[in-house]
Amino acid sequence: MKIIELDLTNCRTLYDLHERIRIAFDFPDWYGKNWSAFWDLLWSECDADKVIIRGERSLPEGFRKQLEIMHKILDDKIEFNKQCQFNAFSYDIVN
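The structure presented is a predicted model; accordingly, all values stated were derived computationally and were not measured.

Undergrad: Please explain the layout of surface pockets as it appears in this structure.
TA: A water-sized probe rolled over the atoms picks out the places where empty space is left. Its boundaries defined by the atoms lining it, the largest pocket holds a volume of some 150 Å³. Along the walls of the largest pocket sit Glu56, Arg57, Leu59, Pro60, Glu61, Phe63, Arg64, Leu67, Glu68, His71 and Asn95, which together make up its complete lining. Of the residues belonging to the lining of the largest pocket, the class tally is four nonpolar, two polar and five charged.

This is the structure:
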């Protein structure tokens, strides 16, 4: 089982959040650092079975909407994998 650990502890900017995503998911340097790019590469380049997200509670209140978008994208990946009977995909939030 391949597990990706995404540590968001003390992110202060949206750029920082996406840079941590790029590193954790081993996305290429040209990753666009936006939610459309995350969507595209999650579907085309990510072979992980599980993502563990740490440190969400350490983020400023202004990140709430960004986290909702990220969770929605991950939830969509879970549902798609189920419907297509692909390998299971999941994520856990650990704070």
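Let's pick the thread back up.
Undergrad: Help me out: how do you make sense of the packing of aromatic side chains in this one?
TA: Aromatic ring pairs are reported here in terms of the distance separating the ring centres and the angle at which the planes meet. All chains considered together, the criterion is met by eight aromatic pairs. With centroids separated by 5.7 Å and ring planes inclined at 80 degrees, the aromatic side chains of tryptophan 35 and phenylalanine 38 adopt a geometry described as edge-to-face. Taken together, the positions of tryptophan 35 and phenylalanine 38, both in helix 2 (residues 35-45) and three residues apart, correspond to about one turn of that helix. Taken individually, tryptophan 35 and phenylalanine 38 each receive the classification buried, so the pair is uniform in this respect. Relative to tryptophan 43, the ring of tryptophan 39 has its centre 4.9 Å away and its plane inclined at 40 degrees; by these criteria the two rings are tilted. Of this pair, tryptophan 39 and tryptophan 43 both sit in helix 2, four residues apart, which is roughly one turn of the helix. The class for tryptophan 39 is partly exposed, based on a relative accessible area of 33%. Site record: aromatic cluster; members linked through ring pairs are Phe25, Phe27, Tyr31, Trp35 and Phe38. The lysine or arginine in question, lysine 77, covers the ring of tryptophan 43, its NZ or CZ lying 5.4 Å from the ring centre. Lying across the ring of phenylalanine 89, lysine 77 places its NZ or CZ 5.6 Å from the centre.

Undergrad: Hey, could you run me through the packing of helix 2 against helix 3 (residues 64-83) in this one?
TA: At a minimum axis separation of 11 Å, helix 2 and helix 3 run at an interaxial angle of 25 degrees. The angle between helix 2 and helix 3 falls in the class roughly parallel. Two packed elements cross with a definite hand, and for helix 2 against helix 3 that hand is right-handed. Two secondary-structure elements touch here, helix 2 through Trp35, Phe38, Trp39, Leu42 and Trp43 and helix 3 through Gln66, Ile69, Met70, Ile73, Leu74, Asp76, Lys77 and Phe80. Classifying every residue of the contact of helix 2 with helix 3 gives 10 nonpolar, one polar and two charged.

Scoring rules and cut-offs
Residues numbered from 1 in each chain as written. Predicted model: local features only at pLDDT ≥ 70, side-chain atom pairs only at ≥ 80, totals over all residues. Heavy atoms only, no water. 1 Å grid on protein atoms, 1.4 Å probe; cavity = no way out; pocket = protein on both sides within 12 Å on 5 of 7 lines; lining within 4 Å. Points joined across faces, edges and corners; volume = space filled by probe spheres on them. Nonpolar A, V, L, I, M, F, W, Y, C, P; charged D, E, K, R; others polar. Phe/Tyr/Trp six-rings, centres within 6.5 Å; stacked < 30°, edge-to-face > 60°. Helix = DSSP H or I, 4+ residues; strand = E, 2+ residues; numbered from the N terminus. Buried < 20%, exposed > 50% of the residue type's maximum accessible area, 1.4 Å probe, protein only. Lys NZ or Arg CZ within 6 Å of the ring centre and 35° of its normal. Axes fitted to C-alpha atoms, helices over the stretch in contact; angles between N-to-C directions. Parallel < 35°, antiparallel > 145°, perpendicular 65-115°, else oblique. Left-handed = near helix turned anticlockwise from the far one by under 90°. Contact = heavy atoms within 4.5 Å.

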